[in-house]
Amino acid sequence: MAQVFRPNTTGSLFATDGKAHPLQTTLLAVTLVLGITAFVTAMFHHLHLISSWAGLVGIFTGAYGQLVSVTTRERFGLILGLGASAIGFFLGMAHGGLFGGLIGG
């Protein structure tokens, strides 16, 4: 009868193992914040420095987060952050790049 009192997390898409993962949670939060920042600032041509740098850092933090992630919930959020970071990075690069307008030439 003990099975009746346990929640069934094996069939859930967002199953967690019930343990704390501070590094993975921090990487998830940083990747999501950088991804949202890169995505939103990429919509404005004059903010290409912010979008390209935030996107680049978001791609690296998301990639490392994917490497060390443990649960599906972490991987799902990291993929969302990675996608937003990549879109922001590529649009920022198209609008002027990482150093556009700062290096004389």
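What counts and what doesn't
- Residues numbered from 1 in each chain as written.
- Predicted model: local features only at pLDDT ≥ 70, side-chain atom pairs only at ≥ 80, totals over all residues.
- Heavy atoms only, no water.
- Axes fitted to C-alpha atoms, helices over the stretch in contact; angles between N-to-C directions.
- Helix = DSSP H or I, 4+ residues; strand = E, 2+ residues; numbered from the N terminus.
- Parallel < 35°, antiparallel > 145°, perpendicular 65-115°, else oblique.
- Left-handed = near helix turned anticlockwise from the far one by under 90°.
- Contact = heavy atoms within 4.5 Å.
- Nonpolar A, V, L, I, M, F, W, Y, C, P; charged D, E, K, R; others polar.
- Phe/Tyr/Trp six-rings, centres within 6.5 Å; stacked < 30°, edge-to-face > 60°.
- Buried < 20%, exposed > 50% of the residue type's maximum accessible area, 1.4 Å probe, protein only.
- Patch = residues over 30% accessible without salt bridge, like charges linked within 9 Å, V, L, I, M, F, W, Y side chains within 5 Å.
- Areas by Shrake-Rupley, 256 points an atom, 1.4 Å probe, with all protein chains shown as cover.
- Salt bridge = Lys/Arg side-chain N within 4 Å of Asp/Glu carboxyl O.

Observations regarding the packing of helix α1 (residues 22–41) against helix α2 (residues 48–68)
Between α1 and α2, whose axes approach to 8 Å, the crossing angle comes to 155°. The angle between α1 and α2 places the two elements in the roughly antiparallel class. α2 is crossed by α1, and the crossing has left-handed handedness. Residues Leu23, Gln24, Leu27, Val30, Thr31, Leu34, Thr37, Ala38 and Thr41 of α1 form the contact with α2, whose own contacting residues are Ile50, Ser51, Ala54, Gly55, Val57, Gly58, Thr61, Gly62, Tyr64, Gly65 and Val68. Its residues assigned to classes, the contact of α1 with α2 shows ten nonpolar, ten polar and no charged.

Notes on the packing of aromatic side chains
Summed over all chains, the structure comprises two aromatic pairs. Seen from their ring centres, Trp53 and Phe99 are 5.6 Å apart, and the 75° between their planes marks the pair as edge-to-face. Pair noted here: Trp53 is in helix α2 and Phe99 is in the segment after α3 (72–95), with a separation of 46 residues, a long-range link. The exposure class assigned to Trp53 is partly exposed, which follows from its relative accessible area of 36%.

Description of a nonpolar patch on the surface
Nonpolar side chains collect at one region of the surface, where Ile36, Phe39, Val40, Met43, Phe44, Ile87 and Leu91 lie side by side and expose about 620 Å² of accessible area between them. Where the nonpolar patch is concerned, the elements lending two or more residues are α1 and α3. The element best represented in the nonpolar patch is α1, accounting for three residues. As for its placement among the helices and strands, Val40 is situated in helix α1.

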